[in-house]
Each structure stands twice: as C-alpha cells, then as structure tokens.
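# Report on the structure
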Amino acid sequence: MTATGDRGFILILSAPSGAGKSTLARVLCQRVEGVITSVSTTTRQPRGGEVEGEAYFFVRDEAFRERVAVGEFLEWAEVYGNCYGTSRSFVEEALAQGKVVLLDIDWQGARQVRGNMPEGDVIGVAILPPSQETLLTRLRARGQDAPEVIARRMAQAGAEVSHWGEYDYIVVNDDLERAGAELLAIVTAERLRRERARQRIVRILATFGFCI
Ligand code: 5GP
C-alpha cells in the first residue's frame, strides 16, 4: 500500500510508433512518484540496445501462445505482425499497492483492458503526432527499423490515430516538454479524484469525529 492506502489506476498510453510515447512514459516515471511501467511480453526481435526485462520480455511464438492459453495476459494483441501482451498479475499487484501502472499498448489492447477491468481503474490517453509527415520523419531519424518496417508502421499509424475517440485524454506531442507536463497534469488530477481518496478522507474525517 502507498502512504494514502488508496487503490491505484491503470494509465494506458496509446500512440502510433514514433509518436514519442516511450520517451513520455520515461519522463512520467522519473518525475512522478508511484508511477511504474508494466513490461510487456513480445514475440518481436529485440532492437539494438533493447534489454531483456527492461524494454520487453522477449519470447518465441509458442511460449507466447502457452501464456495466452493459461490466461496470463490481461490483454494481448498482434501489432505490426508480432504479438504483445500485458501480465495480469503484475498489474493487479501494482494496483493493490496504490501505484499508477503505465501500459504502453495499442488500441486493441486498450479495448480489452477496458473490458476486463472495473471502469474506475482505467484511464486512457491517446498520444498523437502533430501530423503524418512528422511521424515519418521521426521514424526515419531514429534509424531503428528497415524501410519496409517503417512503411508497415506508417500504414498502421492511421488505424491507431483513428481510435482517438475511445480515450479519455488526447495529448499532441509536438513539444516533448509540454506533452510531458500535460501527462503529469493528467496523473495529478486523476489521483485527486474523490473516488480515489477514500482512505485519505476516512483518516481526515476521523479527526473531526466522523466515521464514514
Ligand atoms: P514496438 O514494437 O515499437 O515496441 O511497439 C509496437 C506497438 O505495440 C506499439 O504501438 C505499442 O504500444 C504496442 N504494444 C507494446 N506492448 C504491448 C502490449 O503489451 N499489448 C498491446 N496490445 N500492445 C502493445
């Protein structure tokens, strides 16, 4: 449990590849106490510099399918030809400890999480690039993917941004500092919601002699 004793919540961040989502997630974890990232499992090959257990848990197709079969994933989806999944037990434990759990997942996964968790547990943020052109420039500049992979990611970017209406908040990442500050504001406001403040309220009202 955290100092407040209240349950945490899931903060879904969805964006097309190259919109700056991973950087924003890192900024949030560094600047705000009690925010943690769930490390997904994937069948994709590691990119240069990606560390097992930090970026992802990398597994083969068969191992992934076995985990799906035993219900290990809170959600999973095929994205850009590879499978990605979120550990159910990790998320449940973190929520019980009062953490804000960041899920860097696509729109298909976001839908499943909304369907599998109580409504108050899930806040969705769509991070959008300022334009399609900016996205292409960023994907090329990061130099991590082959041209055909970039072409596939660009083709799917349209699908990702078209689901903006399913999210609670929209953050346009044209300036990293500002987008980071906006995400921080979202987390702060969500933490202050009345429904998440029960334990704090109980303690304060008890000092006034109220029992709720
Ligand atoms: P990348 O291969 O660039 O790291 O990620 C590709 C896409 O997969 C991103 O849109 C990312 O949000 C999504 N993704 C990463 N982990 C998960 C996951 O556990 N579940 C789902 N549904 N999508 C994920």
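Scroll up to find the structure.
Notes on the structure follow. (Residues numbered from 1 in each chain as written. Predicted model: local features only at pLDDT ≥ 70, side-chain atom pairs only at ≥ 80, totals over all residues. Heavy atoms only, no water.)

## Remarks on the packing of helix H5 (residues 132-142) against helix H6 (residues 147-161)
Test applied: Each axis is a line fitted through C-alpha atoms, and for a helix only the stretch in contact is used; angles between axes span 0 to 180 degrees, taken between their N-to-C directions. Where helices and strands are cited, they refer to DSSP runs of H or I of at least four residues and of E of at least two residues respectively, numbered from the N terminus. To sort the angles, those under 35 degrees are grouped as roughly parallel, those over 145 as roughly antiparallel, those from 65 to 115 as roughly perpendicular, and the leftovers as oblique. Two helices crossing with the near one rotated counterclockwise from the far one by less than a right angle form a left-handed crossing, whereas a clockwise rotation gives a right-handed crossing. For this analysis, residues touch if any pair of their heavy atoms sits within 4.5 Å. Residue polarity follows a fixed list, in which Ala, Val, Leu, Ile, Met, Phe, Trp, Tyr, Cys and Pro are nonpolar, Asp, Glu, Lys and Arg are charged, and the others, Gly among them, are polar.
One can describe the packing of H5 onto H6 by two numbers: an axis separation of 11 Å at closest approach and a directional angle of 150 degrees. On the basis of their axis angle, the class for H5 and H6 is roughly antiparallel. When the axes of H5 and H6 are compared, the crossing they make is right-handed. Residue-level inspection shows Gln132, Leu135, Leu136, Leu139, Arg140 and Arg142 of H5 in contact with H6, the latter providing Ile150, Arg153, Met154 and Ala157. Among the residues making up the contact of H5 with H6, the classes are represented as six nonpolar, one polar and three charged.

## Some remarks on unusual backbone geometry
Glycine aside, residues mostly have negative phi angles, and peptide bonds mostly take the trans form. Of note in this structure, tyrosine 80 is not a glycine but carries a positive phi near 50 degrees. Structurally, tyrosine 80 is set in the loop between strand E5 (73-79) and strand E6 (82-87).

## A short note on the site of the ligand
Heads up, the condition is: Being near a molecule or strand, for a residue, means having at least one of its heavy atoms within 4 Å of it. Counting of polar contacts relies on pairs of N or O atoms within 3.5 Å, with two restrictions inside protein: one atom must be capable of donating a hydrogen and the other of accepting it, and residues adjacent in sequence are counted only when both atoms are side-chain atoms. Surface exposure here means Shrake-Rupley accessible area, sampled with a 1.4 Å probe, where a residue is shielded only by the protein chains that are shown. Cavities and pockets are found on a 1 Å grid laid over the protein atoms alone: a cavity is a set of points where a 1.4 Å probe fits but cannot escape, a pocket is an open set with protein on both sides within 12 Å along at least five of seven lines, and a lining residue has an atom within 4 Å of such a point. Assignment of a molecule to a cavity or pocket requires that more than half of its atoms lie within 2 Å of the corresponding grid points.
Inspection of the region around the ligand gives 19 residues, with Lys21, Ser40, Arg44, Tyr56 and Tyr84 positioned closest. Contact between the ligand and arginine 47: an oxygen atom at 2.8 Å from a side-chain N or O atom of the residue. When the ligand is considered free in solution it has 510 Å² of accessible area, and contact with the protein chains removes 95% of it. More than half of the atoms belonging to the ligand lie within 2 Å of the grid points that define the largest pocket. For the shell around the ligand, the secondary structure elements donating two or more residues are E5 and E6. Of the residues belonging to the shell around the ligand, the class tally is seven nonpolar, five polar and seven charged.

## Observations concerning the environment of alanine 146
Note the cut-off: Buried residues are those whose accessible area, probed at 1.4 Å on protein chains only, stays under 20% of the maximum for their type, while exposed residues exceed 50% and partly exposed ones sit between those limits.
For alanine 146, the location among the structural elements is in the loop between H5 and H6. Residue alanine 146 is classed as partly exposed on the basis of its relative accessible area of 32%. Note: C-alpha distance between alanine 146 and aspartate 174 (28 residues apart in sequence) is 25 Å.

Everything listed here is a matter of geometry and, on its own, says nothing about what the molecule does.
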